[in-house]
Structure formats: C-alpha cells, structure tokens
Amino acid sequence: MIRIERLDAGAACRHQSALAEVLHDCVAGGASISFMWPFSREQAAHYWKSIVAAVREDRACLLGAFDDDRLGGTVQLWLDGPCNQRHRGDVRKLLVHRAMRRRGMARRLMQALEAEARSRQLSLLTLDTATGSDGERLYRAMDWQSVGVIPRYALWPDGRFCDTTVFYKELAVTAA
Ligand SMILES: CC(C)(COP(=O)(O)OP(=O)(O)OC[C@H]1O[C@@H](n2cnc3c(N)ncnc32)[C@H](O)[C@@H]1OP(=O)(O)O)[C@@H](O)C(=O)NCCC(=O)NCCS
C-alpha cells in the first residue's frame, strides 16, 4: 500500500539515508538529475542536507512516498521564486527507486504535490525533464503542457549531452 507524506525538516532528517539511497539509485540507473557518475552515497547524503535546510526555511516542500515503512520515492515543490512569481511553484527531483517503479508511486507523489500547491494558492507549476525519459512520459500522462525542447541542456551521468523538455501545468485554485 503506497502512502504519501509531507516531510518536515525533522522527518527529512530521519529519512535522510533512505532519501540518499533513492537519489543514488536514480543516478546509478542513468537519470539526468544534476549529478554525474561516479556518484557516491556520501555525495547523495550531502545533497539532502541542503534540501533539509530549504525545507526548514519553507523555501521548499518535500514529499515522501512509502510502501509500508520503506521510503521509495520523493518529490520537491520549490516556493522560492521572486516576489512577482509567488503564484508559481517549481517541481524538482521526482525520484522513485528502481525497485519500486511502475506501481504508481510517482503519479501519487505528483497528485499530492498538486494538492499541496493548490492549498498554497499556487496557480502555476513548472518543471523540466530529460527529453524522451520516463519522466516525460509521466508528465504527458498527467496532462502537463510541453513548452518545447532545449537541445543539449544538460548531461547524462555518463557525460553524453541530454536534451530537456520544459513543461507547465495550470491549477484551478479557489479563493482562500
Ligand atoms: C520518472 C519516474 C519518477 C516514474 O516513477 P514511477 O513510480 O515508476 O511512475 P508511475 O508508476 O507512477 O507511472 C505513472 C505513469 O507514468 C508513465 N510512465 C512511467 N514510467 C514509464 C515507463 N518506464 N514507460 C512508459 N511509461 C511510463 C506511465 O504513463 C505511467 O502510468 P501507467 O503505469 O498507468 O502506464 C521514475 O522512472 C524515476 O525515478 N526516474 C528517474 C528519475 C527521473 O528521471 N525523474 C523525473 C525527472 S526529475
């Protein structure tokens, strides 16, 4: 049974090694998510320390997906845009461990993230993802609008260039 939880800074600290394992597994699996290979578990743990700080300062909202008590997936909603973009959130690092894929974890995480965004009165979400990736398939399946492709925007972990597709989704928000 998949369960989605919002992780505050304390919970993010408690689950830091599982979060690091998910990130490490995704990079090991070849996902283009900011990091190059080789990528150690220590580097993964270091990355999550910076995210815990952002969550503590409410610059980002962190969600975790659990199967029973095992954290297998995560996503971030960033809220640190400039003061003329406070209606917009940026989605980052939707990650599911390879052992837990194709069971609806990412879909559930994105549904929860959208609910969180609506509760914060956000009316626009943006993200980018590797062109042709499972992430792109997921966002299209969840009715995100593609803006276009930026060629050679990033690298795959093995050093090859990676095109990136930019997406947005408008949210209907009701007045508070
Ligand atoms: C992208 C990712 C998060 C998907 O996680 P997941 O839990 O396996 O996805 P779900 O099971 O919720 O899939 C939801 C939908 O996305 C699409 N999808 C996801 N993976 C797919 C695949 N391998 N092939 C085809 N469609 C896929 C399907 O439409 C799927 O619905 P369906 O299973 O009913 O057909 C996961 O593959 C991952 O972590 N990849 C590496 C990191 C990454 O690239 N993240 C995204 C960009 S930041």
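What you see as residue numbers is a count from 1 along each chain, following the sequence as written. In view of the model being predicted, local features appear only for residues whose pLDDT reaches at least 70, and side-chain atom pairs are presented and counted only at 80 or more, with totals across whole chains, interfaces and linings using the full set of residues.

Asker: Teacher, can you tell me more about the nonpolar core here?
Answerer: Soluble globular proteins tend to pack their nonpolar side chains together in the buried interior. Joining buried Ala, Val, Leu, Ile, Met, Phe, Trp, Tyr and Cys residues through C-beta atoms within 7 Å gives a set, and that set is a nonpolar core. Counting other C-beta atoms within 10 Å of each residue's C-beta, where C-beta atoms are placed from the backbone, gives the exposure class: buried for 20 or more, exposed for 12 or fewer, partly exposed between. Counting residues in each nonpolar core, the largest one holds 39 residues, and the members touching the most others are Leu23, Leu62, Leu109 and Leu113. Comment: elements are numbered from the N terminus, with helices defined as DSSP H or I runs of at least four residues and strands as E runs of at least two. If you list the elements that add at least two residues to this core, you get strand S1 (2-7), helix H2 (16-28), helix H3 (41-56), strand S2 (60-67), strand S3 (70-78), strand S4 (88-96), helix H4 (105-119) and strand S5 (124-130). Contacts here follow a simple rule: the backbone-placed C-beta atoms of the two residues must lie within 7 Å. When sequence neighbours within four positions are dropped, the list of residues in contact with Leu62 reads Leu7, Ala12, Ile51, Val55, Thr74 and Gln76.

Asker: Whenever I open this one, the site of the ligand confuses me. Can you help?
Answerer: Taken together, 21 residues lie near the ligand, and Arg101, Ala106, Gly135, Leu138 and Ala141 sit nearest. For the shell around the ligand, the elements supplying multiple residues, two or more each, are S4, H4 and helix H5 (134-141). Ten residue types, Ala, Val, Leu, Ile, Met, Phe, Trp, Tyr, Cys and Pro, are classed as nonpolar, four, Asp, Glu, Lys and Arg, as charged, and the remainder, Gly among them, as polar. Here the residues of the shell around the ligand are counted per class, giving 10 nonpolar, four polar and seven charged. Any residue whose backbone-placed C-beta atom lies within 6 Å of a molecule or strand is treated as near that molecule or strand.

Asker: Help me out: how do you make sense of the pairing of strand S7 (residues 161-170) in this one?
Answerer: Consecutive side chains along a regular strand alternate between the two faces of the sheet. Alignment of S5 against S7, held across seven bridges, turns out to be antiparallel. Along S7, the bridge assignment pairs Asp128 with Val166. For two strands to count as paired, DSSP must find a minimum of two bridges between them. Joining the antiparallel neighbours strand S6 (residues 145-155) and S7 is a turn of five residues, in which Gly159 adopts a positive phi near 100 degrees.

Asker: Would you explain the pairing of S2 in this entry?
Answerer: Among the eight residues in S2, six count as buried, and that is most of the element. Pairing of S1 with S2 involves six bridges; the strand directions are antiparallel. Among the inter-strand pairings, Glu5 is bridged to a residue of S2, identified as Gly64. Here S2 pairs with S3 via eight bridges, running antiparallel. Bridge pairing in S3 places Phe66 opposite Leu71. Between S2 and S3, which pair antiparallel one after the other, the connecting turn spans two residues, and Asp68 there sits at a positive phi close to 55 degrees.

Asker: Would you mind showing me how to read H4 here?
Answerer: Because an α-helix packs 3.6 residues into every turn, residues spaced three or four apart end up facing the same way. Given a rise of 1.5 Å per residue, 15 residues ought to cover 21 Å, and the 21 Å separating the end C-alpha atoms of H4 matches this to within 8%. Those residues of H4 hidden inside the fold are in contact with S1, S2, S3, S4, S5 and H5. A positive backbone phi angle near 65 degrees is found at Gln121, which sits one or two residues after H4. Helix span is expected to be 1.5 Å times the residue number reduced by one.

Asker: What is the right way to look at the environment of Val52 in this model?
Answerer: Within the element layout of this structure, Val52 appears in helix H3. We classify Val52 as buried; it has 20 C-beta atoms within 10 Å. Distance in space between the C-alpha atoms of Val52 and Gln111 is 22 Å, their sequence separation being 59 residues. In this structure, Val52 is in contact with Ala9, Ala12 and Cys13, ignoring residues within four places of it in sequence.

Asker: Looking at this structure, how should I read the sheet that holds S7?
Answerer: The pairing of strands in a sheet comes from backbone hydrogen bonds and takes either a parallel or an antiparallel form. Reading across from one edge, S1-S2-S3-S4-S5-S7-S6 is the order of the seven strands in this open sheet, with mixed pairing throughout. Since the sheet does not close on itself, it has two edges, and those belong to S1 and S6, each with one partner. Averaged over all adjacent pairs, the angle separating strand axes in this sheet is 25 degrees, with direction ignored. Where H3 meets the sheet, it contacts S2 and S3, and its direction lies at approximately 115 degrees from that of S2. Axis angles are defined between N-to-C directions and span 0 to 180 degrees, where every axis is a line fitted to C-alpha atoms and, for a helix, only to the segment in contact.

Asker: Looking at this structure, how should I read the environment of Ala12?
Answerer: In this fold, Ala12 is placed in helix H1 (residues 9-14). On a C-alpha basis, the gap between Ala12 and Gly29 in space is 23 Å, while along the polypeptide they are 17 residues apart. Beyond its immediate chain neighbours, meaning those up to four positions away, Ala12 contacts Leu7, Ile51, Val52, Val55 and Leu62.

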